[in-house]
Amino acid sequence: MRAAVHERYGSPDAVVELRELDKPEPADDEVLVRVRASSVNIAEWYGVTGRPWIARPTTGLRGPKEIRLGVDFAGIVESVGKDVTDFRPGDEVFGGRSGAWAEYVCVRAERAIVKKPGDVTFEHAGAVGTAAITALQALRDQGGLEPGQRVLINGASGGVGTYAVQIAKALGAEVTAVCSTPNVEIARSLGADLVVDYRAEDVTRRSERYDLVLDIAGTRSFSELQRVLEPRATVVLVGGPRANRLLGPIGHVAASRLRALRGSQRATFFLAQFNKPDMDTLRDLLERGKMTSVIDSTYPLERIADALRHMGEGHPRGKIVLTI
């Protein structure tokens, strides 16, 4: 099978290649999926470029410890292990598993794999995994979002942000979305109650106050966000500036958390974890029409370097999807 790999850090054009690898065989508790679509997340761009440098003790000092790429997938079950009862060949599924930028991937049946709703395309389902589960866990688990609360989503038009607007509405929140001028209508179409164009207005100077801020863009310091926080509000930090090669978004996260120690508001940072119950929740949201994927662009697997370059050059509107 063909799979995307990289054995050193650098620009996507220089280090990422498609290589012929052995087609995997499912273990007794695994499902073999013929991948039809995947997506690109900022984590893959960081992994390929080796940034930020402070993360290299974990990812690999001189080169990547894990050469396979990709996590999100949607596809068709080709075969199952003898202990698998929930899936059968021909089932259309989606989920998350390392090494998903490949023609085939093996996934444990009790982990992050669920059946795809029939009316959702492979491209839309393949975009869901990392970004949507991050949005769900940030709002519900880290932010403790409850019905009727007011949430501010800073960076509402990217991969995580477009899902976050929809999930927050599904959880019963009143949502303010912050994005740039070209993306205002997208945020409105996803259900945001108020959309603030950051090029025209400073959201931290408005009169509204929020119980929860989901800070994806990392364009505001914690001190600035405090101007619109309720006394016991929470700021969940999901992203931050990429320009600093040494620290990446970690500097922004550390500064925010230190500032929060001085007051009653809380700042928290986390890394999302795939699990079956949350994938079932996302599947339910898709099936009920409460959530959809916003697709910025689609690339075949052969153009993976172009897709990664597109991710690194700016802020895609929604998700970058790979077809396989």
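Preceding this paragraph is the structure being described.
Reading guide: rules and limits
- Residue numbers run consecutively from 1 along every chain, following the written order of its sequence.
- Thresholds applied to this predicted model are a pLDDT of at least 70 for local features of residues and 80 or more for the giving and counting of side-chain atom pairs; totals over whole chains, interfaces and linings are not thresholded and use all residues.
- Water and hydrogen atoms were dropped before computing side-chain values, which therefore reflect all heavy atoms in the structure.
- At least two DSSP bridges between two strands are required for those strands to pair.
- Strands here are runs of E lasting at least two residues and helices are runs of H or I lasting at least four, both read from the DSSP assignment and numbered beginning at the N terminus.
- To define axes, lines are fitted to C-alpha atoms, for helices over the stretch in contact only, and angles between the resulting N-to-C directions are given on a 0 to 180 degree scale.
- Here a pair means two rings of Phe, Tyr or Trp (six-membered ring of Trp) with centres within 6.5 Å. Their orientation is stacked below 30 degrees between planes, edge-to-face above 60, and tilted elsewhere.
- Geometrically, a charge over a ring is one whose NZ (Lys) or CZ (Arg) sits within 6 Å of the ring centre while staying within 35 degrees of the ring normal.
- The working definition used for a salt bridge is a side-chain nitrogen of Lys or Arg within 4 Å of a carboxyl oxygen of Asp or Glu.
- Exposed residues in this analysis have more than 50% of their type's maximum accessible area, buried residues have under 20%, and partly exposed residues fall in between, with area computed by a 1.4 Å probe over protein chains only.
- Joining through side-chain atoms within 4.5 Å is the link that ties buried Ala, Val, Leu, Ile, Met, Phe, Trp, Tyr and Cys residues into a set, and such a set is a nonpolar core.
- Only heavy atoms enter the contact rule, under which two residues are in contact if any of them lie within 4.5 Å.
- It is the directions from the helix axis to the C-beta atoms whose arc is reported.
- By definition in this entry, angles of less than 35 degrees are roughly parallel, angles greater than 145 are roughly antiparallel, angles of 65 to 115 are roughly perpendicular, and the rest are oblique.
- In this classification, Asp, Glu, Lys and Arg are treated as charged, Ala, Val, Leu, Ile, Met, Phe, Trp, Tyr, Cys and Pro as nonpolar, and every other residue, Gly included, as polar.

Draft legend 1. Examining the sheet that holds strand β9 (residues 174-179) more closely. Within the open sheet, the 6 strands sit side by side as β10-β9-β8-β11-β12-β13. Their pairing is parallel. At either margin of the open sheet sits one strand with a lone partner, and together these are β10 (194-197) and β13 (266-269). The average angle at which neighbouring strand axes cross in this sheet is 15 degrees, direction not considered.

Draft legend 2. Examining the packing of aromatic side chains more closely. What the rule picks out here adds up to 1 aromatic pair. The ring of F122 has K116 lying over it, and the distance from NZ or CZ to the ring centre is 4.8 Å. Sitting above the plane of the Y210 ring, R150 keeps its charged end 5.6 Å from the centroid.

Draft legend 3. Examining the pattern of salt bridges more closely. Tallied over the full model, the rule gives 27 salt bridges. For K82, the salt bridge is made with D28, and the minimal N-O distance between the two is 3.8 Å. Placement of K82 in the loop between β4 (72-80) and β5 (92-96) and of D28 in the loop between β2 (16-20) and β3 (30-40) is noted, with a sequence separation of 54 residues between them. Between D306 and R303 there is a salt bridge, with the nearest N and O atoms lying 2.9 Å from each other. Judged by its relative accessible area of 40%, R303 falls in the partly exposed class. Overlapping salt bridges bring together D13, R303, D306 and R309 as one network.

Draft legend 4. Layout of the nonpolar core. Ranked by size, the top nonpolar core spans 49 residues in total, and within it L139, V151, I153, Y163, I167, L282 and M291 carry the most contacts. For this core, the secondary-structure elements that each account for two or more residues are α4 (122-126), α5 (129-142), β8 (150-154), α6 (159-170), β9, α7 (184-189), β11 (210-215) and α10 (276-287). Considering every element that reaches this core, the biggest residue donor is α5, with 7 residues. Excluding anything up to four places from it in sequence, I153 contacts G161, A164, V165, V175, T176, A177, V178, L214 and I216. In this structure, V31, F73, A100 and I113 belong to the second largest nonpolar core, which totals 31 residues.

Draft legend 5. Region of interest: the environment of T234. Note on placement: T234 falls in strand β12 (residues 229-237). A relative accessible area of 8% means that T234 is categorised as buried. Through-space distance from the C-alpha of T234 to that of E208 is 15 Å; in sequence the pair is 26 residues apart. Excluding its chain neighbours within four sequence positions, the residues that come into contact with T234 are Q142, G143, D211, L212, V213, R266 and T268.

Draft legend 6. Spotlight on helix α11 (residues 304-313). Three or more residues of α11 are buried, namely I304, A305, A307, L308 and M311. In a view along the axis of α11, the buried residues occupy a sector of 160 degrees, so they form one face of it. Its buried side turned inward, α11 meets α1 (12-15), β2, β3, α2 (42-49), β14 (295-300) and β15 (319-323).

Draft legend 7. Summary view of the packing of α5 against α10. One way to put it is that α5 packs onto α10 with a least axis distance of 10 Å and a crossing angle of 100 degrees. When the axes of α5 and α10 are compared, the pair comes out roughly perpendicular. Taking contact as the criterion, the partners of A132, I133, L136, Q137, R140 and D141 in α5 are, on α10, D278, M279, T281 and L282. The class makeup of the residues in the contact of α5 with α10 is 5 nonpolar, 2 polar and 3 charged.

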